[in-house]
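Summary of structural features
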Amino acid sequence: MKVLEGKLVAGKGRFAIVASRFNEFIVSKLISGAEDTFVRHGVDTDDITLVWVPGAFELPLAAMKLAQSGKYSAIVCLGAVIRGSTSHYELVCSEAAKGIAQVGLKTGVPVTFGVVTTENIEQAIERAGTKAGNKGADAALTALELANLMPQL
């Protein structure tokens, strides 16, 4: 049996991070985690592009433009959506997730989901580098692995 899998090394790729400015105090920690992960795995900082968008809902559009450019091996989408007292939370989470998934499916460029969706600020903080790890770092690892896997398929 032939086994195909991606490695956690940079190779010769360029990577983009699309980050939501809403809840920036959480998202900035996710960005730091993603950048640190890329650098630790051999990506030169000059090969990482950071793009800010207003909120999680806007992540898919920017990711699509980046993917269509043909410049990036993978794109990491980062955001933080914290439940409030209205149904807005469900709408934003659902559409951001669907949109991010569609970008990868439509373009063939790996697009990873590093959007923290939590019930409260404490849970978001936990997922941005404390008890629950750093979801930005996790999304960057996934991007590296998929970027290395795609040429094998």
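First, a word on what this report is: a plain description of the structure on this page. Computed from a predicted structure; not experimentally measured.

Take unusual backbone geometry next. You will see that Asn 23, though not glycine, has its phi angle at about 60°, which is positive. Note on placement: Asn 23 falls in the loop between β1 (15-20) and α1 (24-40).

Our next topic: the environment of Ser 87. With respect to the helices, strands and loops of the structure, Ser 87 is situated in the loop between β3 (74-82) and α3 (88-107). Looking at Ser 87, the relative accessible area reads 49%, which means it is partly exposed.

For the rest of this paragraph, the subject is the nonpolar core. Core analysis: the biggest nonpolar cluster contains 24 residues, and Phe 15, Ile 17, Phe 38, Val 43, Val 76 and Leu 78 have the highest contact counts within it. Broken down by secondary-structure element, the contributors of at least two residues to this core are β1, α1, β3 and α5 (135-149). Ranked by residue count, the leading element in this core is α1, at 6 residues. Leaving out residues up to four positions away in the same chain, Val 76 has contacts with Ala 16, Ile 17, Val 18, Phe 38, Thr 112, Ala 139, Ala 140 and Ala 143. Cys 93, Ile 100, Val 103 and Val 115 belong to the second largest nonpolar core, which has 23 residues in total.

This brings us to the sheet that holds β3. One open sheet holds the 4 strands; their spatial order is β2-β1-β3-β4, and the pairing between them is parallel. Because the sheet does not close on itself, it has two edges, and the strands there are β2 (48-53) and β4 (111-118). Going from strand to strand, the sheet's axes swing by 15° on average, the running direction of each strand aside. Looking at chain direction, β1 and β2 are connected through 6 bridges and run parallel. Each bridged residue has a counterpart across the sheet, and for Phe 15 the counterpart in β2 is Ile 48. Set on the sheet, helix α2 (residues 59-69) makes contact with β1, β2, β3 and β4; between it and β1 the angle comes to about 165°.

To continue, consider α5. The end-to-end C-alpha distance of α5, which contains 15 residues, comes to 21 Å, matching closely the 21 Å that a straight helix rising 1.5 Å per residue would cover. Buried within α5 we find Gly 136, Ala 137, Ala 139, Ala 140, Ala 143, Leu 144, Ala 147 and Leu 149. The secondary structure elements touched by the buried residues of α5 are β1, α1, β3, β4 and β6 (133-134).

Now for the packing of α2 against α3. Between α2 and α3, the least distance of the axes is 8 Å, while the angle of their chain directions is 10°. Viewed along their axes, α2 and α3 adopt a mutual orientation that is roughly parallel. Residues Leu 59, Pro 60, Ala 63, Met 64, Ala 67 and Gln 68 of α2 pack against Glu 95, Ala 96, Gly 99, Ile 100, Val 103, Lys 106 and Thr 107 of α3. When its residues are assigned to classes, the contact of α2 with α3 shows 8 nonpolar, 3 polar and 2 charged.

Each value, and the rule that gives it
- Residues numbered from 1 in each chain as written.
- Predicted model: local features only at pLDDT ≥ 70, side-chain atom pairs only at ≥ 80, totals over all residues.
- Heavy atoms only, no water.
- Helix = DSSP H or I, 4+ residues; strand = E, 2+ residues; numbered from the N terminus.
- Buried < 20%, exposed > 50% of the residue type's maximum accessible area, 1.4 Å probe, protein only.
- Core = buried A, V, L, I, M, F, W, Y, C linked by side-chain atoms within 4.5 Å.
- Contact = heavy atoms within 4.5 Å.
- Pairing = 2+ DSSP bridges.
- Axes fitted to C-alpha atoms, helices over the stretch in contact; angles between N-to-C directions.
- Expected span 1.5 Å × (residues − 1).
- Parallel < 35°, antiparallel > 145°, perpendicular 65-115°, else oblique.
- Nonpolar A, V, L, I, M, F, W, Y, C, P; charged D, E, K, R; others polar.

Geometric values such as these leave the question of function open.
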